[in-house]
Amino acid sequence: MNPAAAGAKVVTLKQQPAPVEAHATLRGVTRIFQLPKSTLHALGPIDLDLAKGEFFSVVGPSGCGKSTLLDILAGLSAPQAGTAHFEGKPVNGVPDGVGVVFQEDASFPWLNVRDNVAFGLRRAGVDPAEIQRRVDYAIGFMGLKDFAASFPAQLSGGMRQRVCIARTLVMQPRLILLDEPFGALDQQTRLLMGDELLRLWRETSATVLLITHALDEAAMLSDRVGVMSTRPGTFIDFVETGWERDRDSRVVSTPHFGDITARLWEKLRVEALKIMSAGKS
Amino acid sequence: MPRLAGTLIVLLTFILLWQGFHLLVGSSAIASPLQTVVKLGSLLGTGEFWLNISETMRAFVAAFLLSLLGGISLGIVLGVRKLAGNVAEPILTTLYSIPKVVLYPLVLLCFGLGISAKIAFGVMHGLIPITLFSMNAIRQMKPVYRRTSQVMRLSPSQSAFTVILPAILPEIISGVRLGFSLTLLGVLIGEMFASQRGLGFLLTSAINLGQIDTIMAIALLLTVFAVSCNSLMMLFNRQLTHR
Amino acid sequence: MSEKWLRLIVVATMILLVELLCRVGVIPRMVMLAPSQMVVELAEILRTGQFSADIRTTFTNIAISTALSIVLGFVAGLIIYSLPALRHALEPLLASYYAVPTFVFYPIFITLFGVGSASIIAIAVLLAVVSMITATLNGLDRIPRVLRKTAQIYRMSRAKTALLVELPATLPYLFTGVKLSVAYSFIGVIASEFILSGAGIGYAIAYAYNLFENGHMYALILLVLVTVTIVNTILNMIDRRLQARRQR
């Protein structure tokens, strides 16, 4: 709860530090899209090491391939060149122990909240008593207790995203990938959802990779932020925030938060300007 | 353009299947594509056939215009008046799904055997879809359009013609397309059941006489007419919406 | 709720108005029976069972046609969806399909299937099947991509994904197709019977009309109207329930 390391210096590194224990890695990852008349070099080459238990965020201008990066790590799409590894094994299809929260509402409209949350456990053939226990916990943790029997259509956008997070949480993933999960929500809801996410991260001690376009979100939540360039997206900067593990949205009032955000914007502004002057966005 | 090529291939396949079917079951059951076209050509060479066409077209045009005007005005009223629309919609959808042929005797008893019965029957088919589509076009129009026209201080007529109409026109055209087809169907069914003139009447008499080539020639003519009009309306709609 | 009542009042008023006009003779008996008399006549023919065979024929044909349209339309929709090139080519034809006056093909079916139920079912299926195809395509198009991705995250097999994610996601759209298939089957079967057949409710109405038997005719017309209204209301109720779950 103490706004950590107030006044600490923002550590900026051209090279990312060698992680203590690499939980997931990308090496030379490149993605090229074949269009009818041309090829689009969307991403890479990307090198990235995620330390076990670290909260890592990716910020970048729109269209820089942030989501593609996540898809590759999740095994949803394959790179043209380079490799992705999770827990020492090459990623080939969605690996066991990886959970993903999408930006779009991915709750199933035909299932109520409880069945939505239990869906993955039932597919995995988990024992019913255990399902009951874990679903109860996740629903309680995400503050959905009063809505367990509701259908998604009866809930607000923020609540539906909680359902999706709870649904990921029950699977007890060791790596959680979030693709702009709060992009469709209003600013206040986003800050509060950020707190929930931090709580979840501390509770599960999972490794988290968050894709976002919101600088404040990245600065407030992460241990480390990677800044991406315009297409083809590569990492141009890594910023260590130096927050303590026990933090929440109130860090936004500290000068240190301002320093990090300023640092991120300094790098990103150049990239965003490139896109704007090219008339792409 | 590759899209057009694909469609042509499908049409060609259809004609080949038709020809194959003809060879399979024989001329007495199905006329070949060539026989059908030749028959249609010779029919179009006779004055009597054109009299029947004009009879059907007169009834159809009158019925279609009535459906068009009636449907759009009714639809606009029901679209603007929320309560009236909510009350009317289920009634209209039920009316839409009843087989209207069962009401044809009533139409005949009211209007007698003649062109007015055919027109009335055509309107019964075409009016409801046009009304429903027009009503929904107004209801589903983004409220921001109306607010924008208010902010620009447009007069009611300016707002109607420069904002509202262009916004709802694509939906209305979809309704008109459906209404067009159903009106034609209504007029033809009317002629098939009770009439002494018109293409529907020709169809029925050809059925009774077992003239399969005549039946297929008329079916081809009607299909080509209906599909071309429908395609023209779709093209017009696409031009209009720049999609 | 008040809208429901208002609707009931509107319909009741119209029926009462017709009743009144018939009773005082503004609408002559030769043209139309009073609604109350229609009900009496309907009860009478249902009691004597005079048209039971026709009624059974018609409803059997409608049921078969509906079932065939739904199954064929769904399967055809799946096939067309899985072949984008074919779909591209077919789409302009599908959009113009309802412009074709389907009934003119009835004679051709007679030459193929003979006079009888088979031809009638064929024409009704021809009329109804395309709405099911269109609904299937529409439903499959509208499965949000993120739901398929989610199924991948759960590492579900292709079959499981189809059964547990894609099918429920398309269900509301498929039901629209089912609704239309029912309506078009009613129209196709009864209209075919009416114009060119020797059995069924449609034929019986046409027959009664030609013999000026207004009692039988209006009893049967009422039977059709009431049945369609009831079926339509039930389908709409289910539909509303399904639509309420659809968000986005």
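The model shown is predicted, which means the values in this text are computed figures rather than measured ones.

1. Brief notes about the packing of aromatic side chains
- Tallying each qualifying case throughout the model produces 21 aromatic pairs over all chains.
- Between the aromatic rings of B:Phe180 and B:Phe225, the centroid separation amounts to 6.1 Å while the plane-to-plane angle is 40°, which identifies the pairing as tilted. In this pair, B:Phe180 is assigned in helix H8 (residues 156-193) and B:Phe225 in helix H10 (residues 212-241), connecting sequence segments 45 residues apart.
- Overall, the relative accessible area of 7% leaves B:Phe180 in the buried class.
- On the accessibility criterion, B:Phe225 (25% relative accessible area) is partly exposed.
- Between C:Phe59 and C:Phe186, the aromatic rings sit 6.4 Å apart at their centres with planes inclined by 70°, giving edge-to-face as the arrangement. With C:Phe59 in helix H3 (residues 52-82) and C:Phe186 in helix H8 (residues 158-196), the pair connects residues that are 127 residues apart, well separated along the chain.
- Assessed through its relative accessible area of 28%, C:Phe59 is described here as partly exposed.
- An aromatic cluster is present here, built from B:Tyr104, B:Phe121, B:Phe193, C:Phe194 and C:Tyr209 joined pairwise through their rings.
- Over the face of the ring belonging to A:Phe108 we find A:Arg167, whose NZ or CZ atom lies 4.7 Å from the ring centre.
- Here the basic side chain of A:Arg199 rests over the ring of A:Phe141, its NZ or CZ set 4.3 Å away from the ring centre.

2. What about unusual backbone geometry?
- With an omega of -10°, the peptide bond between A:Arg231 and A:Pro232 qualifies as cis.
- Mapped onto the secondary structure, A:Pro232 falls in the loop between strand E10 (224-228) and strand E11 (235-240).
- Of note, the phi angle at A:Glu87 is positive, near 50°, even though the residue is not glycine.
- Within the secondary structure, A:Glu87 is located in the loop between strand E5 (81-86) and strand E6 (89-90).
- On the basis of relative accessible area, A:Glu87 is assigned to the partly exposed category, the value being 30%.
- Positive phi values are uncommon outside glycine, yet C:Arg155 reaches one of about 55°.
- For C:Arg155, the position within the fold is in the loop between helix H7 (145-153) and H8.

3. Focus: the interface of chain A and chain C
- Each partner contributes to the interface: chain A provides 24 residues, whereas chain C provides 18 residues.
- Across the chain A/chain C interface, buried area totals approximately 2000 Å², and carbon plus sulfur atoms make up 65% of it.
- Across the contact surface, chain A and chain C share two salt bridges.
- Note that A:Asp71 is salt-bridged to C:Lys149, the shortest N-O span being 3.5 Å.
- Linking chain A to chain C there are three residue pairs in polar contact (both at pLDDT 80 or more).

4. Details of the environment of A:Asn112
Residue and element names in this part refer to chain A.
- Take Asn 112: it is sitting in the loop between strand E7 (98-101) and helix H2 (113-123).
- On the accessibility criterion, Asn 112 (16% relative accessible area) is buried.
- In this structure, the C-alpha to C-alpha distance between Asn 112 and Ala 42, residues 70 residues apart in sequence, is 38 Å.
- Residues in contact with Asn 112, not counting those within four places in the same chain, are Ala 148, Ala 149, Ser 150 and Phe 151.
- Among the polar contacts listed, one links the side chain of Asn 112 to the backbone nitrogen of Asp 115, at a separation of 2.8 Å.

5. Section: the domain arrangement of chain A
All names here are of chain A.
- Splitting chain A by domain gives domain 1 (11-97 + 178-277) and domain 2 (111-172).
- Using C-alpha coordinates to define each centre, domain 1 is positioned 26 Å away from domain 2.
- The partner domain 2 presents nine residues to the nine residues of domain 1 that form the contact.
- Ranking the residues of domain 1 by area buried against domain 2 places Met 193, Glu 196 and Leu 200 at the top, with a combined share of 46%.

6. Details of the nonpolar core
- Grouped together as the largest cluster of nonpolar side chains are 120 residues, with contacts concentrated most on B:Tyr104, B:Phe193, B:Leu199, C:Phe194, C:Ile205 and C:Tyr218.
- If you tally residues by element for this core, the top one is H8(B), at 14 residues.
- Residues contacting B:Phe193, with those up to four places away along its chain left out, are B:Tyr104, B:Leu108, C:Phe194, C:Ala206 and C:Tyr209.
- With 48 residues, the next largest nonpolar core counts A:Val101, A:Met159, A:Val227 and A:Val239 among its residues.

7. Thoughts on the pattern of salt bridges
- Under the defined criterion, the tally for this structure stands at 30 salt bridges over all chains.
- The salt bridge partner of A:Arg190 is A:Glu217, with a shortest N-O separation of 3.0 Å. Residue A:Arg190 is found in helix H5 (residues 187-204), and its partner A:Glu217 is found in helix H6 (residues 215-221); the two are separated by 27 residues along the sequence. With respect to burial, A:Arg190 and A:Glu217 carry one shared label: buried.
- Salt bridges sharing common partners tie together B:Glu55, B:Arg58, B:Lys118 and B:Glu191.

8. Observations concerning the sheet that holds strand E2 (residues 22-34) of chain A
Residues and elements named next belong to chain A.
- The strand order E3-E2-E5-E6 describes an open sheet built from four strands, whose pairing is antiparallel. In this open sheet, the two strands that pair with only one neighbour each are strand E3 (39-51) and E6.
- When E2 meets E5, the two strands line up antiparallel, connected through five bridges. The residue of E5 that forms the bridge with Ala 24 is Phe 86.
- Across the sheet, helix H1 (residues 66-74) lies against E2, E3 and E5, angled at about 120° from E2, the strand it touches most.

9. Things to note about helix H1 (residues 2-23) of chain C
- The terminal C-alpha atoms of H1(C) lie 31 Å apart, and with 22 residues this matches the ideal 32 Å at 1.5 Å per residue to within 8%.
- Among the residues of H1(C), C:Arg7, C:Glu19 and C:Cys22 are the ones counted as buried. Down the axis of H1(C), the buried set is contained in an arc of 110°. They therefore lie on one face. Across H1(C) from its buried face, at more than 90 degrees, point the exposed residues C:Ser2, C:Leu16, C:Leu20 and C:Arg23.
- Packing partners of the buried residues in H1(C) comprise helix H4 (82-97) of chain B together with helix H2 (35-48) of chain C.
- Where H1(C) ends, the next residue or the one after it, C:Gly25, has phi of about 90°, a positive value.

Criteria and cut-off values
Along each chain, residue indices are assigned from 1 in the same order as the chain's sequence is written. Whichever chain is written first becomes A and whichever ligand is written first becomes 1, with later ones labelled in order. At least 70 in pLDDT is required for a residue's local features to be given in this predicted model, at least 80 for side-chain atom pairs to be given and counted, and no such filter applies to totals for whole chains, interfaces and linings, which use all residues. Remark: hydrogens and water are excluded; side-chain values derive from all non-hydrogen atoms of the structure. For this analysis, a ring pair means two rings from Phe, Tyr or Trp (six-membered ring only for Trp) whose centres lie within 6.5 Å, classed as stacked if their planes differ by under 30 degrees, edge-to-face if by over 60, and tilted for the remaining angles. The secondary structure listing takes helices from DSSP runs of H or I that are at least 4 residues long and strands from runs of E that are at least 2 residues long, numbered from the N terminus. A simple rule labels every residue: compare its accessible area, found with a 1.4 Å probe on the protein chains alone, to the largest value its type can have, and call it buried under 20%, exposed over 50%, or partly exposed in between. A ring is scored as having a charge over it whenever the NZ atom of a lysine or the CZ atom of an arginine sits within 6 Å of its centre and within 35 degrees of its normal. Residue contacts follow a heavy-atom distance rule, with two residues in contact if any of their heavy atoms lie within 4.5 Å. Using a 1.4 Å probe, buried area is obtained as the accessible area two parts lose upon being combined, added over both of them. By convention in these notes, a salt bridge is any Lys or Arg side-chain nitrogen within 4 Å of a carboxyl oxygen on Asp or Glu. Definition of a polar contact: a pair of N or O atoms within 3.5 Å, with one able to donate and the other able to accept a hydrogen when the atoms are protein atoms, and with sequence-neighbouring residues admitted only if both atoms are side-chain atoms. For each domain, the first and last residues come from an automatic or database assignment. Put simply, buried Ala, Val, Leu, Ile, Met, Phe, Trp, Tyr and Cys residues joined by side-chain atoms within 4.5 Å make one nonpolar core. Any two strands between which DSSP finds at least two bridges are classified as paired. Interaxial angle, 0 to 180 degrees, is taken between N-to-C directions of lines fitted to C-alpha atoms, where a helix line uses only the stretch in contact. Expected span, for any helix, means 1.5 Å times one less than how many residues it has. This arc is built from the directions going out from the helix axis to the C-beta atoms.

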